[in-house]
Amino acid sequence: MQEFIIRIMDQFGYLGVCFLIAVENILPPIPSEVILTFGGFMTTYTRLTVPGVIIFSTLGSTIGALVLYWIGTALNPERLDKLTKGKAFRMLGFEKADMEKTIGWFDKHGKKAILFGRCIPIIRSLVSVPAGMAEINMPVFLTYTIIGSTVWNILLVSLGAILGASWEVVLVYIARYSAFIKAALFIGVLFLVIRLVKKKIS
């Protein structure tokens, strides 16, 4: 995967960065840290510049986020109602009220979730779907998406440019950061499952 990403960026420059980041937002397994830090490194030996890589990576982030936002908006109240009435949904112990509370929470706190979620691996790709479901105002969604994505992109592109040929060092620390996030998510899901089971038993 890493070799493929590097080859695309070497061949297509800014457009390669934009395309890969857009795809990364839709398909989380593609690591943004590789794209961004290598993009920063590329500014040390090609015509690419740090501001240029940041701008095109932010453009790609916005495009990918919009695709997932529109997918979220497709889950309108009617479709959501059908989903909550489905056997699979009920077997998992979820109720329509739970889903409505979740969307209500996101509607209230969604701005912060969008802003800070852009700087968290895994979450940065998924946060757009509930934003669409909660029908967060589009200008607001775009503003917070662009700000959050720009901060993440500036950090990693700058690190790649500073470290130069040693840009892969960043991946080690990002991997640890991602592992912590995954562990936190696992604990959160486990807590939710235990809570639902207790609720069902009582």
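Model, not experiment: these values are computed from the prediction.

So, how was this worked out
- Residues numbered from 1 in each chain as written.
- Predicted model: local features only at pLDDT ≥ 70, side-chain atom pairs only at ≥ 80, totals over all residues.
- Heavy atoms only, no water.
- Helix = DSSP H or I, 4+ residues; strand = E, 2+ residues; numbered from the N terminus.
- Buried < 20%, exposed > 50% of the residue type's maximum accessible area, 1.4 Å probe, protein only.
- Contact = heavy atoms within 4.5 Å.
- Areas by Shrake-Rupley, 256 points an atom, 1.4 Å probe, with all protein chains shown as cover.
- Patch = residues over 30% accessible without salt bridge, like charges linked within 9 Å, V, L, I, M, F, W, Y side chains within 5 Å.
- Salt bridge = Lys/Arg side-chain N within 4 Å of Asp/Glu carboxyl O.
- Core = buried A, V, L, I, M, F, W, Y, C linked by side-chain atoms within 4.5 Å.
- UniProt positions renumbered as here; feature names shortened; annotations may be inferred.
- Phe/Tyr/Trp six-rings, centres within 6.5 Å; stacked < 30°, edge-to-face > 60°.
- Expected span 1.5 Å × (residues − 1).

Right, let's get into the overall build of the chain. Counting its secondary structure elements, the chain contains ten helices and zero strands. By the burial criterion, 42% of the 202 residues in the chain qualify as buried. Of the contacts formed within the chain by residues at least 6 apart in sequence, a portion of 76% connects residues at least 24 apart. About 11,600 Å² of surface is accessible on the chain, with carbon and sulfur atoms providing 71% of the total.

A few words on a nonpolar patch on the surface. A contiguous nonpolar patch, built from Ile26, Leu27, Leu59, Ile63, Val67 and Ile71 and spanning about 460 Å² of accessible area, is present on the exposed surface. In terms of residues, the nonpolar patch owes the most to one element, helix α3 (residues 50-74), which gives four residues. Along the chain, Val67 falls in helix α3.

Time to look at the environment of Met42. Looking at the secondary structure, you find Met42 in helix α2 (residues 32-42). With relative accessibility at 3%, the residue Met42 sits in the buried group. Residues in contact with Met42, not counting those within four places in the same chain, are Met9, Asp10 and Leu48.

Moving on, we come to the nonpolar core. Of all hydrophobic cores here, the largest spans 20 residues; its most connected members are Ile5, Met9, Leu20, Ile35, Leu36 and Phe38. When contributions to this core are tallied by element, the ones reaching two or more residues are α1 (2-26), α2, α3 and α9 (138-163). Considering each element in turn, this core owes the most residues, seven residues, to α1. Counting eight residues, the second-largest nonpolar core is a separate cluster that includes Leu66, Tyr69, Ile114 and Ala131.

Here the focus is α2. Across the eleven residues of α2, eleven count as buried, placing the element largely inside the fold. If you check which residues of α2 are buried, you get Ser32, Glu33, Val34, Ile35, Leu36, Thr37, Phe38, Gly39, Gly40, Phe41 and Met42.

Once that is clear, we can look at the UniProt feature "transmembrane region" (unreviewed entry) in the chain. As annotated in UniProt, the feature "transmembrane region" (unreviewed entry) corresponds to residues 12-30, 50-72, 141-167 and 179-197 in the numbering used here. Its end C-alpha atoms 33 Å apart, residues 50-72 is made of 100% helix and 0% strand.

What follows covers the packing of aromatic side chains. Applying the stated criterion across every chain, the model contains four aromatic pairs. On the numbers, 5.9 Å between centres and 65° between planes, the contact of Phe38 with Phe41 is edge-to-face. Highlighted residues: Phe38 and Phe41, both in helix α2, separated by three residues, approximately one helical turn. Judged by centre distance (5.0 Å) and plane angle (50°), the ring pair of Phe41 and Tyr45 falls under tilted. You can call Phe41 buried: its relative accessible area is 17%. Pairwise contacts between aromatic rings join Phe38, Phe41 and Tyr45 into one cluster.

Looking at the secondary structure, you find Thr145 in helix α9. It is 6.2 Å that separates the C-alpha atoms of Thr145 and Ile114, two residues lying 31 residues apart in sequence. When near neighbours in sequence (up to four residues on either side) are disregarded, Thr145 contacts Thr62, Ala65, Ile114 and Arg118.

Turn by turn, an α-helix covers 3.6 residues, leaving residues three or four places apart pointing in a common direction. Its 26 residues give α9 an end-to-end C-alpha distance of 37 Å, which sits within 8% of 38 Å, the value for a rise of 1.5 Å per residue. Listed as buried for α9 are Phe141, Thr145, Gly148, Ser149, Trp152, Asn153, Leu156, Val157, Gly160 and Ala161. In the stretch just after α9, Gly164 is the one whose phi turns positive, near 60°.

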